[in-house]
Amino acid sequence: MENGFLQPGWDGSWFVRFSLGQPLAALPFYLLGRILGGPDSSTTRLFVNALSAMAMAGAGALLYAWGRSLWDSRTALLPLAIFVLATPAPVYARLFFSEALLTFCLLLGFRLFFTRRPAGIALGGLAIGWAVLTREGAAAALPAAALALLVLARDRRERLAFAGYGMLGAALPISLLLWYNVYRFGHPLRHGYEGEGFTASLLEGVAGLLFSPGRGLLFYAPAVLLALPGARLLWRRDRALVLAAGMLFAGYLLMYGRWWAWHGGWAWGPRFLVPTLPFLLLLAGEAMTQPAGRRAALALGLLGFLAQLPGVFTDHQKFHAELFVERGLPDVPNVWFRPELSPILGQWRDLWHGRHGALALHRLEAQGIPSPISWGFRLGIAALLAFGLWGLRRPVPPAPGFRLPARWASAIPILLLLAGIALNGVALARWAWIRRQPFCDGAGRLCLKQRFGGQVELVAFSVESPQARPGEDIGLTLWFRALRPITEPLSVYVHVLPADHPEAHQVFQEDHEHPASLPLPRWRPGPLYSDFYLLQVPAALSPGRYALKVGLYRRAPPGGRIPVDGSGADGVILPLPIEIRP
């Protein structure tokens, strides 16, 4: 995995920066794909990607059901059709990004809140908490969730009860997130995105997310414009929905407008605003009850449909690679304000010239998926589509309830609370253990605490097997820490020298241009960075004892090695020699 997706943990080990919500939700799909095709096969990747399709389909079903509680079936179908065909939703339904799962979790959570029942509110809190477990940025929805419960309650006593049930439901996934942060990074509030922050201009970010040709919401989902007149009409009969949807959208827009990568990286459209689309379309649906609103929805929906076609049938990653790698354009946010660089136009050109690349149902075999599995997958999709069309014809209660037997309804919040307390207890115990645990605890790690030029500290090292034969490998792990922000790229050398003549020339060596596979200017002061070396013993090396010498040096001019603080030496001899046997 690319190092940009990794973060160093509390002990210098590398962890994936993403949280647990998406992998846990994808686990059943992974197991099914592994049974059918093996652990790392195209079949497994196909089934894992099916999570996004299922989640986005579930979001569409929830959108239609919520719409049927507000309007007739004809009106409710319009927001659903726009969501499925004329927004970035179908693109993210085929990608293993977290947007599809976030959209489903948030829509499910708010829909359960609107049941006004204890079990429903608790499970709604669980769904919204799972969204935060999927991506910490979903915390932008928490003010909207609190506002919805506040407005839905009829008196002070009910407000306290609703807030309590919602927090009880969210306790389990939030506690799991805190535990996972402690497990990875040694602190419940440390996360995988440290070193990145809210450094963008709010004006630029908000303008880019709404109006830029490359990422603007109004270019990729123009039908959301109807949310403004729709909110005004809906205010008369469902203020809670208007306030919740408006607060949710404002929270996402303002938070990600300040995020340094508000454009979402190599993505399609306003990636970070995708979870808000069903809520905007619920507001827009009220405008579609009017003849003029329906005509506007059809016109704007057609524009959105034309915008999504290249995203569905071509690979946006290839377009970005062509833009930033082949053409060498700088990958900076203001690129997306240039109309000629819009992915909509660029990928339309790819589609026109027959350059597809996106995974499609009619080309599964070309991706290495066996024909029986491909046809079974297609039949499964057709069956789900038929079931969905049948479901559209079924009547939906205007005010759907969420009823459970009384004993279970009262037990659900209590069970969620107990699970949250247990996970919090585990997280606190782990945190306390880490704080008491010395890093050099006898697990093969030997402390050095040698500093180089006041910039980098070599904290510890470990040798997997200090004895080897010619032709074998020796594993060496070094743990470094940046003492202050580093402005120059430094490299690390490991020299193997005769133990009785360490001043002699090295017999073999291993260098890392970027220790820990990360340029030193990107290291953050404080955390440990582990760097693994596989030392290949030359076949002609004579048996004997050898020393390991470690140091840092500059590759770029003026070059030279970085002196060790105190001694001024150009490197450190590790206090554990290796032995080469005959």
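Structure: above.
Residues numbered from 1 in each chain as written. Predicted model: local features only at pLDDT ≥ 70, side-chain atom pairs only at ≥ 80, totals over all residues. Heavy atoms only, no water.

Caption draft 1: Looking closely at the overall build of the chain. Scanning the chain from N- to C-terminus turns up 18 helices and 12 strands. Burial status across the chain gives 50% buried among its 582 residues. Within the chain, counting contacts between residues at least 6 apart in sequence, those at least 24 apart form 72% of the total. Total accessible area on the chain is roughly 26900 Å²; 64% of this is exposed by carbon and sulfur atoms. (Helix = DSSP H or I, 4+ residues; strand = E, 2+ residues; numbered from the N terminus. Buried < 20%, exposed > 50% of the residue type's maximum accessible area, 1.4 Å probe, protein only. Contact = heavy atoms within 4.5 Å. Areas by Shrake-Rupley, 256 points an atom, 1.4 Å probe, with all protein chains shown as cover.)

Caption draft 2: The arrangement of unusual backbone geometry in detail. A positive phi angle, near 60 degrees, is found at R116, a position not held by glycine. We classify R116 as partly exposed; its relative accessible area is 37%. Here K449, not a glycine, exhibits a phi torsion of approximately 55 degrees, which is positive. Relative to the elements of secondary structure, K449 occurs in strand β3 (residues 446–452). You can call K449 exposed: its relative accessible area is 56%.

Caption draft 3: Inspection of the sheet that holds β3 at higher detail. Pairing within the open sheet is antiparallel, and its 4 strands lie in the order β3-β4-β6-β9. Of all the strands in the sheet, the pair left with one neighbour each is β3 and β9 (528–536). Ignoring which end each strand starts from, the neighbouring axes of this sheet average 25 degrees apart. Pairing of β3 with strand β4 (residues 456–463) involves 5 bridges; the strand directions are antiparallel. Paired with Q450 across the strands is L458, a residue of β4. (Pairing = 2+ DSSP bridges. Axes fitted to C-alpha atoms, helices over the stretch in contact; angles between N-to-C directions.)

Caption draft 4: Geometry of the pairing of strand β10 (residues 544–554). Within β10, 8 of the 11 residues are buried, which leaves it mostly tucked inside the rest of the structure. Here strand β7 (residues 490–498) runs beside β10; their pairing, made up of 9 bridges, is antiparallel. Paired with V492 across the two strands is L552, which belongs to β10. In this structure, β10 lies alongside strand β12 (residues 578–580), joined through 3 bridges in antiparallel fashion. Each residue of the ladder has a partner; that of Y546, found in β12, is I578. With 2 bridges connecting them, β10 and strand β11 (residues 572–573) associate as antiparallel partners. Looking across to β11, one finds that K549 is bridged to I573.

Caption draft 5: Fine view of the packing of aromatic side chains. A complete count under the given rule lists 19 aromatic pairs for this structure. Look at Y220 and W268: their rings are 5.1 Å apart centre to centre, the planes differ by 90 degrees, and that puts the pair in the edge-to-face class. With a gap of 48 residues between them, Y220 in helix α10 (residues 217–220) and W268 in the loop between α12 (239–258) and α13 (277–287) connect regions that are remote in the sequence. The exposure class assigned to W268 is buried, which follows from its relative accessible area of 0%. Members of the aromatic cluster, joined through ring pairs, are F15, W179, Y180, Y183 and F185. (Phe/Tyr/Trp six-rings, centres within 6.5 Å; stacked < 30°, edge-to-face > 60°.)

Caption draft 6: Broad picture of the pattern of salt bridges. Per the counting criterion, the structure on display carries 9 salt bridges. In this structure, R271 engages E99 in a salt bridge whose closest nitrogen and oxygen atoms are separated by 3.2 Å. Of this pair, R271 sits in the loop between α12 and α13 while E99 sits in helix α5 (residues 99–113); the two residues are 172 residues apart in sequence, bridging distant segments of the chain. The exposure classification of R271 matches that of E99, with both residues buried. Here D570 ties to K549 by a salt bridge, and the two come within 2.9 Å at their closest N and O atoms. Residue D570 is found in the loop between β10 and β11, and its partner K549 is found in strand β10; the two are separated by 21 residues along the sequence. Owing to a relative accessible area of 32%, D570 belongs among the partly exposed residues under this scheme. (Salt bridge = Lys/Arg side-chain N within 4 Å of Asp/Glu carboxyl O.)

Caption draft 7: Molecular detail of the environment of L478. Note that L478 resides in strand β6 (residues 473–482). Separated by 53 residues in sequence, L478 and D531 place their C-alpha atoms 5.2 Å apart. Those residues in contact with L478 that sit more than four places away from it in its chain are L458, A460, F461, V492, V494, Y529, S530, D531, Y533, V550 and L574.

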